[in-house]
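# Structural description and commentary
Listed below are the residues making up each chain.
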Amino acid sequence: MTIDNQTTNLVDQTSTGDPFIFMFTIFVLAVFIGFYVVWSVTPALHSPLMSVTNAVSSVIIVGALIAAGPADLNFSKIMGFIAVVLASINIFGGFIVTNRMLAMFKKKPKKSGTNK
Amino acid sequence: MSETVTGFAYLAAAICFIMALRGLSSPDSARTGIVLGVLGMVIAILTTVFEPTIVSFDLIVIGIIVGGAIGTIVALKIKMTALPELVAAFHSLVGLAAVFVAIAAFFAPEAYGIGVLGNIEGASLIEMSLGAAIGAITFSGSLIAFGKLQGTLGGSPLVFSGQHALNAVLSIILVASIIWLVQTNYELAFWIIIGISIVLGFLIILPIGGADMPVVVSMLNSYSGWAACGIGFTLSNTALIVTGALVGSSGAILSYIMCKGMNRSIFNVLLGGFGGEVDGPTAVAGGGIDKAIKSGSGEDAAFIMKNASKVIIVPGYGMAVAQAQHALREMCDLLKGAGVEVAYAIHPVAGRMPGHMNVLLAEANVPYEEVFELEEINTEFSTADVAFVIGANDVTNPAAKTDPSSAIYGMPILEVENAGTVLFIKRSMASGYAGVDNELFFRDNTMMLFADAKAMTESIVQALD
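Along every chain, residues carry numbers that run from 1 in the direction the sequence is written. A letter from A marks each chain and a number from 1 marks each ligand, given out in the order of writing. Totals for whole chains, interfaces and linings use all residues, but because this is a predicted model, local features are given only for residues with pLDDT of at least 70 and pairs of side-chain atoms are given and counted only at 80 or more. Side-chain calculation: all heavy atoms of the structure are included, whereas hydrogens and water are not.

## A word on unusual backbone geometry
Working note: non-glycine residues mostly have negative phi, and peptide bonds are mostly trans. Residues and elements named next belong to chain B. The phi dihedral of serine 236 is positive, around 50°, even though this residue is not glycine. Looking at the element boundaries, serine 236 is found in the loop between helix H9 (213-235) and helix H10 (238-262). One non-glycine residue, glutamine 323, lies in the positive phi region at around 55°. By secondary structure assignment, the location of glutamine 323 is in the loop between helix H13 (317-322) and helix H14 (325-337). Helix and strand definitions follow DSSP, with helices as H or I runs of at least four residues and strands as E runs of at least two, each counted in order from the N terminus.

See below:
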């Protein structure tokens, strides 16, 4: 076990350096991607943008799953379970409501032909 | 699943989320984007579930089914006019989920590979407490925003003396507790961090008025992203970090756009106390009342618009409150049938969340090709015969351009005064939320239509028929 840990540490250090710097780099680059992607969103779709970002930020469910996954029932597992429920409400609710909004933005047949 | 495969799977999920946001650049590609978003979420969840440490699935399955059912029912039942409240409620759930994940990680650090209980690595503790703190602020702040949007709390800002000092003291205690936690691993410090953050969330949002909610909702959107990021660092999970960063910057950009739409800085909004919701006949604007106003009926408005060749509609929050969008669409259909050119002009801060008006108009089947943003349409008012302002006020007030002493000076406005005739649907002579008189009401080419937005639009529709 100790030998195993040492080897992984060794590999970590040689390949990626400090894992925090590695993650922080990903974080900063993702902020830049977010910046450019969001500026390209048309203002008419800012409401769907908000609800879809809400839905995807529920990917925090992965943290909840890890807590809810172990075999024995303890305090953390219950916390994890509650987090799974909360995040699931968001995932389903967020995507469905976004979809409902976008369905309304479908191209309509030209001019007043829809309503006589 | 090996670590390499897991890593690639999370990368794939992150790319799906980026593409989901990218899809929103046009209404045509948006729905493909949503499919990718769902796909990303499925990949992320399945990848985690296949981790070797996850051996018991009962609570996971129950949790997803229960949560999924609640989410689905709420999302299908909700009325489009209640959208801002719903979004605020969802933000609070993300925040709360982040808090619970942080608690779980604190009490079972082994599962996350960040140490053992009572001896967690310092870096992880910082990340965890930041995630928990931002999550808790998002949670309580969104609850207040929800209450204000729904009307249960009343939209007026709640200001008391010493408020900013109190917030500052609490923030200092918060930072001190994080340092304390990192040095000692004490459980108590962790609970203090969460408790203070919840209180801070309440205190930050309470002083902000109802009409500033577009900024608040965007800001909380951003916070929920940063909270997810904090947790992502704790878990060393790249999908979570990337997604959190995307959401965080998205919310920040929306807040910026909303602030710019009001020509106010984010600090000005956050420090709060700006106006309240002044509506209802009790809040009759003083001073201006002795000036002459021309008021008209639905028939008058119908007559004017039928004889126009171009009408620009300016919707505002009043339209949302009265749910007048369907009647409005009907009115515009009749006008178009009579050969009148119709366009809609949307101010960036119209309504209670970014893009609020666009969604309501889309709900009423208004083709989005007819809906324009401020910069696109502002010059066209001079060629329009009629500007039809329904439930908006401050966003049309010329004082924003001409009167440096006005509270809204410098705010970009829709220049409805350049149109041949301006029709205002308002319930009363009350000023807008900024508490500023609108001189447009007293101009010769303005006609006031005093009524509920929906009732008035319906009576215009009848007159047109």
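## A look at the sheet that holds strand S4 (residues 341-346) of chain B
In any sheet, the strands associate via hydrogen bonds between backbone groups, in a parallel or an antiparallel arrangement. All names here are of chain B. Any two strands with at least two DSSP-identified bridges between them are counted as paired. Strand order in this open sheet of 6 strands is S5-S4-S3-S6-S7-S8, and the pairing throughout is parallel. Edge positions in the sheet fall to strand S5 (371-373) and strand S8 (446-450), since each of these pairs with one other strand and no more. Between one strand axis and the next, the sheet turns by 25° as a mean value, whatever way the strands run. Relative to strand S6 (residues 386-390), strand S3 (residues 310-315) runs parallel, the two sharing 5 bridges. Within the sheet, the bridge partner assigned to isoleucine 313 lies in S6 and is phenylalanine 388. Working rule for contacts: check all heavy atoms of both residues, and any pair within 4.5 Å makes them a contact. Geometry is summarised by axes, namely lines fitted to C-alpha atoms with helices restricted to the contacting stretch, and by angles between N-to-C directions that run from 0 to 180 degrees. Contacting S3, S6, strand S7 (421-426) and S8, helix H12 (residues 298-306) runs over the sheet at an angle of about 145° to S7. Against the sheet, H14 contacts S3, S4 and S6, and its axis sits at roughly 145° relative to S4.

## Observations concerning the confidence of the model for chain A
Residues and elements named next belong to chain A. Confidence in the prediction of chain A, expressed as mean pLDDT, is 81, and 77% of residues score 70 or more. Mean pLDDT values over the elements of chain A span from 48, in helix H1 (residues 2-16), up to 94, in helix H5 (residues 75-104). Scored from 0 to 100, pLDDT reflects the predictor's confidence in each residue. Counted against residues more than four places away or in other chains, residues 110-116, with its pLDDT under 50, gives 6 contacts.

## Overview of the environment of phenylalanine 32 of chain A
All names here are of chain A. Following the sequence through the fold, phenylalanine 32 ends up in helix H2 (residues 19-39). We call a residue buried when its accessible area falls under 20% of the maximum for its residue type, exposed when it is over 50%, and partly exposed in between, using a 1.4 Å probe and counting protein chains only. For phenylalanine 32, a relative accessible area of 49% gives the class partly exposed. In this structure, the C-alpha to C-alpha distance between phenylalanine 32 and valine 62, residues 30 residues apart in sequence, is 24 Å.

## A word on the packing of aromatic side chains
For Phe, Tyr and Trp, rings pair up if their centres lie within 6.5 Å, where Trp contributes its six-membered ring, and each pair is then called stacked (planes under 30 degrees apart), edge-to-face (over 60) or tilted (otherwise). For the structure shown, the criterion picks out 16 aromatic pairs over all chains. For the pair phenylalanine 27 of chain A and phenylalanine 233 of chain B, a centre-to-centre distance of 5.7 Å together with 65° between the ring planes defines the contact as edge-to-face. With phenylalanine 27 of chain A in helix H2 and phenylalanine 233 of chain B in helix H9, the pair connects residues from two separate chains. Pair check on accessibility: phenylalanine 27 of chain A and phenylalanine 233 of chain B agree, each one buried. Aromatic rings pair up to connect Phe20, Phe24 and Phe27 of chain A together with Trp226 and Phe233 of chain B into one cluster. Two conditions define a charge located above a ring, namely a distance within 6 Å from the ring centre to NZ of Lys or CZ of Arg, and an angle within 35 degrees of the ring normal. Stacked on the ring of tyrosine 317 of chain B, the Lys or Arg arginine 352 of chain B has its end atom at 3.6 Å from the ring centre.

## Digging into a negative patch on the surface
Among the surface-exposed residues, Glu330, Asp452, Glu458 and Asp465 of chain B lie close enough to one another that they form a single negatively charged patch. Relative to the assigned elements, aspartate 452 of chain B resides in the loop between S8 and helix H18 (453-464). Each patch is built from salt-bridge-free residues with over 30% relative accessible area, joining like charges within 9 Å and nonpolar side chains (Val, Leu, Ile, Met, Phe, Trp, Tyr) within 5 Å. Only the protein chains shown count as cover for residues, and all accessible areas are computed by the Shrake-Rupley method using a 1.4 Å probe. Salt bridge, as used here, is a side-chain nitrogen of Lys or Arg placed within 4 Å of a carboxyl oxygen of Asp or Glu. Charged residues are defined here as Lys and Arg on the positive side and Asp and Glu on the negative side; His and the ends of the chain fall outside this count. Note on charges: their place is set at NZ of Lys, CZ of Arg, CG of Asp or CD of Glu.

## Quick notes on the packing of helix H4 (residues 83-107) of chain B against helix H6 (residues 122-150) of chain B
Residue and element names in this part refer to chain B. Relative orientation of the contacting elements H4 and H6 amounts to 155°, with a least axis distance of 7 Å. The orientation of H4 with respect to H6, classified from their angle, is roughly antiparallel. H4 and H6 meet at a crossing whose hand is left-handed. Grouping the amino acids of the contact of H4 with H6 by side-chain chemistry returns 18 nonpolar, 8 polar and 1 charged. In what follows, roughly perpendicular refers to angles from 65 to 115 degrees, roughly parallel to angles under 35, roughly antiparallel to angles over 145, and oblique to any angle outside these ranges. Working rule for handedness: look at the near helix, and if it is turned counterclockwise from the far one by less than a right angle, call the crossing left-handed; if clockwise, right-handed. Only Asp, Glu, Lys and Arg are considered charged in this grouping, and only Ala, Val, Leu, Ile, Met, Phe, Trp, Tyr, Cys and Pro are considered nonpolar; every other residue, Gly among them, is considered polar.

## Side note on the interface of chain A and chain B
Of the residues lining the interface, 83 residues belong to chain A; the matching set on chain B comes to 104 residues. Taken together, chain A and chain B are joined by 0 salt bridges. What qualifies as a polar contact is a pair of N or O atoms within 3.5 Å, subject to a donor-acceptor requirement within protein and to the restriction that residues adjacent in sequence count only when both atoms come from side chains. Taken together, the connections running from chain A to chain B amount to 18 residue pairs in polar contact (both at pLDDT 80 or more). Those elements giving two or more residues to the side of chain A that touches chain B turn out to be H2, helix H3 (46-57), helix H4 (61-68) and H5 of chain A. No other element matches the 29 residues that H5 of chain A contributes to the side of chain A that touches chain B.

## Section: the confidence of the model for chain B
Residues and elements named next belong to chain B. Overall, the predicted model of chain B reaches an average pLDDT of 86, with 93% of residues at or above 70. Helix H3 (residues 58-77) holds the highest mean pLDDT among the elements of chain B, 94, whereas helix H11 (residues 266-271) holds the lowest, 74. Note on residues 275-289: pLDDT under 50 across the span, and 29 contacts to partners over four residues away in sequence or across chains. Overall fold confidence for the complex sits at a pTM of 0.85, while the interface term, ipTM, reaches 0.86.

## Here we look at the environment of tyrosine 36 of chain A
Residue and element names in this part refer to chain A. Looking at where tyrosine 36 falls in the secondary structure, it is placed in helix H2. Residue classification places tyrosine 36 among the exposed positions, given a relative accessible area of 57%. Residues tyrosine 36 and isoleucine 61, 25 residues apart in the sequence, show an inter-C-alpha distance of 26 Å.

## Considering helix H15 (residues 356-363) of chain B
All names here are of chain B. Summarising burial for H15: 7 of the 8 residues are buried, a large majority. Among all positions in H15, only His356, Met357, Asn358, Val359, Leu360, Leu361 and Ala362 are buried. Directly beyond the C-terminal end of H15, a positive phi value near 70° is found at asparagine 365.

## Structural notes on a nonpolar patch on the surface
On the surface, a cluster of nonpolar side chains totalling about 910 Å² of accessible area is made up of Phe20, Ile21, Phe24, Val28, Phe32, Phe35, Tyr36 and Trp39 of chain A together with Tyr256 of chain B. Of all the elements, H2 of chain A adds the most residues to the nonpolar patch, at 8 residues.

## Looking at the pattern of salt bridges
Residue and element names in this part refer to chain B. Taken as a whole, this structure holds 7 salt bridges over all chains when the rule is applied. Its salt-bridge partner being aspartate 333, residue lysine 336 comes within 3.9 Å of it at the nearest N-O pair. You can see lysine 336 and its partner aspartate 333 sitting in helix H14, 3 residues apart, about one turn around the helix. Residue classification places lysine 336 among the buried residues on the basis of a relative accessible area of 10%.

## Side note on the state of the cysteines
Residues and elements named next belong to chain B. Pairs of cysteine sulfur atoms within 2.5 Å are what we label disulfides. Counted under the stated rule, the structure contains 0 disulfides over all chains. This cysteine, cysteine 229, is not joined by any disulfide, and cysteine 16 carries the nearest cysteine sulfur, 18 Å off. By relative accessible area, which is 3% here, cysteine 229 ends up buried.

## Looking at the pairing of S8 of chain B
Residue and element names in this part refer to chain B. Burial analysis of S8 places 4 of its 5 residues in the buried class, which makes it a mostly covered element. Of the strand pairs in this sheet, S7 and S8 are connected by 5 bridges, and their pairing is parallel. Residue pairing in the sheet places phenylalanine 424 in a bridge with methionine 448 of S8.

## Section: H3 of chain A
What a helix should span is 1.5 Å times the count of its residues minus one. Between its first and last C-alpha atoms H3 of chain A spans 16 Å; for 12 residues at 1.5 Å apiece the expected length is 16 Å, and the two agree. The set of residues buried in H3 of chain A consists of His46, Ser47, Pro48, Leu49, Met50, Ser51, Val52, Thr53, Asn54, Ala55, Val56 and Ser57 of chain A.

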